[in-house]
Amino acid sequence: MRRVVYLALLTFVITFSLYSQFRVVSSTPTDGAYNVPSTPNVVCVRFKFSAPVDTLRFFIGNPSDNLPRYLGFLAFDPIDSIEIVSSSYSESDTSVCISVKLAPNTDYSIVLMGAYSRQGAMLEKVYVLNFTTAPTRGNRTVSGTITPPSRSVVSFSDISNFINLKVKDRIEELSRVFSSDVKGINVRKSEVNLFDFNFKVQGLGHKISSVDPNAGVALLLDGNPFVDEEVAIKYSANVASDLSFTFNYVRDGSYYLFVLFDTQRDGMYLPRSNDLLMFYDNNGDGQPDQVTVTENVTGLVVSGYLKVQPFTVREKLDTVTSVARSFASDAELRGIQAMEGFEGDTLDGKVFTAAYIFYAPSRDKYFNVYVDAMMGILLDTSNVSIEPKVNLPAMFIDSDVAFDSAEANGGYAFRSEPNTVTSI
């Protein structure tokens, strides 16, 4: 027995040592570099690792398809001003070279979130790199602390298998996902490719118990991603062990301060499971506030975090009907499907996702209009799985309220049968 315990301890020590050693040991340019050559020169952005990189393990959602897929980047900003020529991996010195042409007089921020060693070790700390092709760099510092949410659950929306892309790519992608003819889309700007990375919404509750500073990165953005369609990371900074942060080399200007935690430790920021998005909310209204830099800024507290507001199906009815009749002017509402919260029925009459089933006599066709608390409104003209034959009365009782009433009066017990999944 003692030998087994010793072997277990030895395995733990070896595993811990393995996972704690894989990191980026240096980069070129170095953080804070200025007067970096610009086009027509080709610059090698090099990351040197502490161990050989597993080049067969791929990441999704890089800001550019031309970046090596065995590295997971949150940002290579501003990506539109970078021409990626090629990339290569040197086994002899365990380094990756990404050859690029850069724009003159431009500040760049690179955030490397993911890489795996050949032994399976995940990159232990997010690596940030800020440099500029301008002859001078910013001389301000911006610092503060992070207060993670005290709530144990942060709920996001539930539309499975949607991939969030820029609007110009979204209809094509949704057509592949649904194998259908997606005729129209109406999405909030806030979910248009946040920070230029793609993610899949899994519809899971976000359990926030603690955050690992190594998995966090602080960001100064040139816009508000909840409102603006195009935002870029201007400056990035690591999160310290005490959940503080300091941006260096910042130029005067106005920025939005965000913090991301890759709490899944999978090298990507995905709004599922445990990943966390926070922002500077100075007035406590639940919306990001600007940080204006004209001198060194200290004492900022990042405490806001992404929350999704549920809704009743009736309050969205007028908007949904308008979307449906943009496809067919004689669209008739035949039914509604709704989904409650993630940690059990909330009994508040509100839902996070609803599907409104319409029938168009002129087209002899059924179709759905989806409403999602995070992703907005989607018109999907594929064939629906349920085809109700009778129109829903105009004065229907709010269906999610009725659902709550049924649940509160024994509905859950009634439909809870072993090995059975029941849709209400």
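The structure reproduced in this document is the subject of the present report. (Residues numbered from 1 in each chain as written. Predicted model: local features only at pLDDT ≥ 70, side-chain atom pairs only at ≥ 80, totals over all residues. Heavy atoms only, no water.)

Observations concerning the overall build of the chain
Piece 1. Regarding its fold elements, the chain presents four helices and 25 strands.
Piece 2. Of all 424 residues assigned to the chain, the portion counted as buried reaches 51%.
Piece 3. Total accessible area on the chain is roughly 20,100 Å²; 50% of this is exposed by carbon and sulfur atoms. (Helix = DSSP H or I, 4+ residues; strand = E, 2+ residues; numbered from the N terminus. Buried < 20%, exposed > 50% of the residue type's maximum accessible area, 1.4 Å probe, protein only. Areas by Shrake-Rupley, 256 points an atom, 1.4 Å probe, with all protein chains shown as cover.)

A closer look at the packing of aromatic side chains
Piece 1. All told, the structure shown has 13 aromatic pairs when counted by the stated rule.
Piece 2. Between the aromatic rings of tyrosine 70 and tyrosine 89, the centroid separation amounts to 6.5 Å while the plane-to-plane angle is 70 degrees, which identifies the pairing as edge-to-face. With a gap of 19 residues between them, tyrosine 70 in the loop between β2 (43-49) and β3 (72-77) and tyrosine 89 in strand β4 (residues 82-90) connect regions that are remote in the sequence.
Piece 3. Aromatic side chains phenylalanine 327 and phenylalanine 367 sit 4.9 Å apart centroid to centroid with 70 degrees between the ring planes, which places their arrangement in the edge-to-face category. Of this pair, phenylalanine 327 sits in helix α3 (residues 317-327) while phenylalanine 367 sits in strand β24 (residues 365-372); the two residues are 40 residues apart in sequence, bridging distant segments of the chain.
Piece 4. Phenylalanine 327 gets classed as buried once you look at its relative accessible area, which sits at 10%.
Piece 5. An aromatic cluster is present here, built from Phe47, Phe73, Phe76 and Tyr127 joined pairwise through their rings.
Piece 6. Its guanidinium or amino end placed over the ring of phenylalanine 311, lysine 316 lies 5.5 Å from that ring's centre, counting from NZ or CZ. (Phe/Tyr/Trp six-rings, centres within 6.5 Å; stacked < 30°, edge-to-face > 60°. Lys NZ or Arg CZ within 6 Å of the ring centre and 35° of its normal.)

Quick look at the side chain of aspartate 262
Piece 1. Among the secondary structure elements, aspartate 262 is positioned in the loop between β17 (253-261) and β18 (276-279).
Piece 2. There is no salt bridge for the buried aspartate 262, and the closest opposite charge comes from arginine 265, which lies 4.4 Å off by N-O distance.
Piece 3. Polar contacts involving the side chain of aspartate 262 include one to the main-chain amide nitrogen of glycine 267, which spans 2.9 Å.
Piece 4. Sequence-distant contacts of aspartate 262, that is, excluding residues within four places in its chain, are made with Met113, Ala215, Gly267, Met268 and Asp275. (Lys, Arg positive; Asp, Glu negative; His and termini not counted. Salt bridge = Lys/Arg side-chain N within 4 Å of Asp/Glu carboxyl O. Polar contact = N/O pair within 3.5 Å; in protein donor to acceptor, adjacent residues only side chain to side chain. Contact = heavy atoms within 4.5 Å.)

Digging into the sheet that holds β4
Piece 1. Taken together, the four strands give an open sheet; going across it, the order is β1-β2-β5-β4, and neighbouring strands pair in antiparallel fashion. Both outer strands of the open sheet, β1 (24-28) and β4, are each paired with one neighbouring strand and no more. Geometrically, the sheet is characterised by an average inter-axis angle of 15 degrees between neighbouring strands, direction not taken into account.
Piece 2. In this structure, β4 lies alongside strand β5 (residues 95-102), joined through eight bridges in antiparallel fashion. Paired with serine 90 across the bridge in β5 is serine 95. (Pairing = 2+ DSSP bridges. Axes fitted to C-alpha atoms, helices over the stretch in contact; angles between N-to-C directions.)

What about the nonpolar core?
Piece 1. In terms of nonpolar packing, the biggest core is built from 37 residues, with Phe47, Phe49, Phe73, Phe76, Ile98, Val100 and Leu112 touching the most fellow members.
Piece 2. Sequence-distant contacts of isoleucine 98, defined by excluding residues within four places in its chain, comprise Val43, Cys44, Val45, Phe47, Leu67, Pro68, Phe73, Phe76, Ile84, Ser86 and Ser87.
Piece 3. Counting residues in each nonpolar core, the second largest holds 25 residues, with Leu220, Val250, Tyr255 and Tyr305 among its members. (Core = buried A, V, L, I, M, F, W, Y, C linked by side-chain atoms within 4.5 Å.)

So, the pattern of salt bridges
Piece 1. Applying the stated criterion across every chain, the model contains five salt bridges.
Piece 2. Of the charged contacts in the structure, one is a salt bridge between glutamate 332 and arginine 334, with a shortest N-O distance of 3.3 Å.
Piece 3. Of the residues examined, glutamate 332 reaches a relative accessible area of 24% and is grouped as partly exposed.

As for α3
Piece 1. Among all positions in α3, only Leu317, Val320, Thr321, Val323, Ala324 and Phe327 are buried. Considered in projection along α3, the buried side chains sweep an arc of 160 degrees and stay on one side of the axis. Turned more than 90 degrees from where α3 packs its buried face, Asp318 and Ser326 sit exposed.
Piece 2. Buried-residue contacts for α3 involve β22 (332-339), β23 (353-360), β24 and β25 (376-380). (Arc of directions from axis to C-beta.)

A look at the pairing of strand β6 (residues 107-114)
Piece 1. Taken across its eight residues, β6 has eight buried, putting it largely inside the fold.
Piece 2. Two elements, β3 and β6, share five bridges in a ladder whose sense is antiparallel. Within the sheet, the bridge partner assigned to phenylalanine 73 lies in β6 and is leucine 112.
Piece 3. Strand direction decides the pairing type here: β6 and strand β7 (residues 127-132), joined by six bridges, are antiparallel. Paired with aspartate 107 across the strands is threonine 132, a residue of β7.

A few points about the state of the cysteines
Piece 1. Scanning the entire structure with this criterion turns up one disulfide.
Piece 2. Bridging cysteine 44 to cysteine 97, the disulfide has an S-S length of 2.2 Å. A residue pair is termed long-range when its members are at least 10 positions apart, and cysteine 44 in strand β2 and cysteine 97 in strand β5 qualify at 53 residues.
Piece 3. According to the relative accessible area criterion, cysteine 44 is partly exposed, its value standing at 22%. (Disulfide = S-S within 2.5 Å.)

Some words on the side chain of aspartate 289
Piece 1. In this fold, aspartate 289 is placed in the loop between β18 and β19 (290-293).
Piece 2. Assessed through its relative accessible area of 16%, aspartate 289 is described here as buried.
Piece 3. Reaching out from aspartate 289, the side chain makes a polar contact with the backbone nitrogen of asparagine 283 at a distance of 3.1 Å.
Piece 4. Non-local contacts of aspartate 289, meaning those with residues more than four positions away in its chain, are made with Tyr255, Tyr256, Tyr280, Asp281, Asn282 and Asn283.

So, the environment of glycine 284
Piece 1. Among the structural elements, glycine 284 can be located in the loop between β18 and β19.
Piece 2. Residue class for glycine 284 comes out exposed when judged on its relative accessible area of 60%.
Piece 3. Each C-alpha atom, one on glycine 284 and one on glycine 304, is 7.5 Å from the other, the two residues being 20 residues apart in sequence.

Brief notes about the sheet that holds β3
Piece 1. Spatially, three strands are ordered β3-β6-β7 in an open sheet, and the strand pairing comes out antiparallel. Lying at the two open borders of the sheet, with one neighbouring strand each, are β3 and β7. Taken over all neighbouring pairs, the strand axes of this sheet differ in orientation by 10 degrees on average, direction set aside.

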